[in-house]
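Below are the chains, spelled out letter by letter.
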Amino acid sequence: MYDEYVPSEKSFLEKHNNIYISQEQIDILKRYDIDIKNYKNINDLVYDIEYYLNSSTEQLEDLEWVSMSLAEYNYYNNTNK
């Protein structure tokens, strides 16, 4: 689904509660009743997404993509190297 990703207007990052996230990612989170307004940092959000994924019996590729994207962004922008 997201293997050949083409950026769109909804893919640009915006700051929401100190978390840089795209509208596309927010839309995907809403499908799973995950509200970005409930999170103050990216680590807690990624933790809850991973918990949801591990609790689900379905393959949720779109939510996995959001989790990986946020974790990657966090690593490259918030980790001291």
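For the structure given in this document, a descriptive report is provided here. In this text, all values refer to a predicted model and were calculated from it rather than measured experimentally. (Residues numbered from 1 in each chain as written. Predicted model: local features only at pLDDT ≥ 70, side-chain atom pairs only at ≥ 80, totals over all residues. Heavy atoms only, no water.)

1. Quick word on the nonpolar core
Nonpolar side chains in soluble globular proteins tend to be buried together. How we decide: The definition of a nonpolar core used throughout is a set of buried Ala, Val, Leu, Ile, Met, Phe, Trp, Tyr and Cys residues joined through side-chain atoms within 4.5 Å. We call a residue buried when its accessible area falls under 20% of the maximum for its residue type, exposed when it is over 50%, and partly exposed in between, using a 1.4 Å probe and counting protein chains only. Secondary structure elements are defined from DSSP: runs of H or I of at least 4 residues count as helices, runs of E of at least 2 residues count as strands, and each element is numbered from the N terminus. Residue contacts are defined here by distance: any two heavy atoms, one from each residue, within 4.5 Å place the two residues in contact.
With 19 residues, the main nonpolar core has Ile21, Leu29, Ile34, Leu45, Ile49, Leu63 and Leu70 as its most contacted residues. When contributions to this core are tallied by element, the ones reaching two or more residues are β2 (19-22), α1 (23-31), α2 (42-55) and α3 (61-78). At five residues, the largest contribution of residues to this core is made by α2. Filtering out sequence-adjacent residues up to four positions away, Leu29 remains in contact with Ile21, Ile34, Leu45, Ile49, Leu63 and Val66.

2. What about the pattern of salt bridges?
Pairing is possible between side chains of opposite charge, provided their charged atoms come close. Selection criterion: Salt bridges, as used here, are contacts in which a Lys or Arg side-chain nitrogen is within 4 Å of a carboxyl oxygen on Asp or Glu.
Applying the stated criterion across every chain, the model contains one salt bridge. Between Arg31 and Asp62 there is a salt bridge, with the nearest N and O atoms lying 2.7 Å from each other. Of the two residues, Arg31 is situated in helix α1 and Asp62 in helix α3; the sequence distance between them amounts to 31 residues. With relative accessibility at 6%, the residue Asp62 sits in the buried group.

3. Here's the deal with the pairing of β2
Using the following cut-off: Strand pairing is defined by DSSP finding a minimum of two bridges between the two strands.
Sheet topology places strand β1 (residues 13-16) next to β2; four bridges connect them, and they run antiparallel. Note on β2: the bridge partner recorded for Leu13 is Ser22. What sits between the antiparallel neighbours β1 and β2 is a turn of two residues, in which Asn17 has the positive phi angle 50°.

4. Focus: the packing of α2 against α3
Stated formally: Inter-axis angles, ranging from 0 to 180 degrees, are taken between N-to-C directions of lines fitted to C-alpha atoms, where helices are fitted over the stretch in contact. Throughout, the term roughly parallel applies to angles under 35 degrees, roughly antiparallel to angles over 145, roughly perpendicular to angles from 65 to 115, and oblique to all others. By convention the crossing between two helices is left-handed if the near helix lies anticlockwise of the far one by an angle smaller than a right angle, and right-handed if it lies clockwise. Residues are grouped as follows: nonpolar covers Ala, Val, Leu, Ile, Met, Phe, Trp, Tyr, Cys and Pro; charged covers Asp, Glu, Lys and Arg; every other residue, Gly included, is treated as polar.
Close contact between α2 and α3 brings their axes to 10 Å; oriented N to C, the two are set at 150°. With respect to α3, the element α2 is oriented roughly antiparallel. In this structure, α2 crosses over α3, and the sense of that crossing is left-handed. For the pair formed by α2 and α3, the contact residues are Ile42, Asn43, Leu45, Val46, Ile49, Glu50, Tyr52 and Leu53 on the first element and Leu63, Glu64, Val66, Ser67, Leu70, Ala71, Tyr73, Asn74 and Asn78 on the second. Partitioning the contact of α2 with α3 into residue classes produces eleven nonpolar, four polar and two charged.

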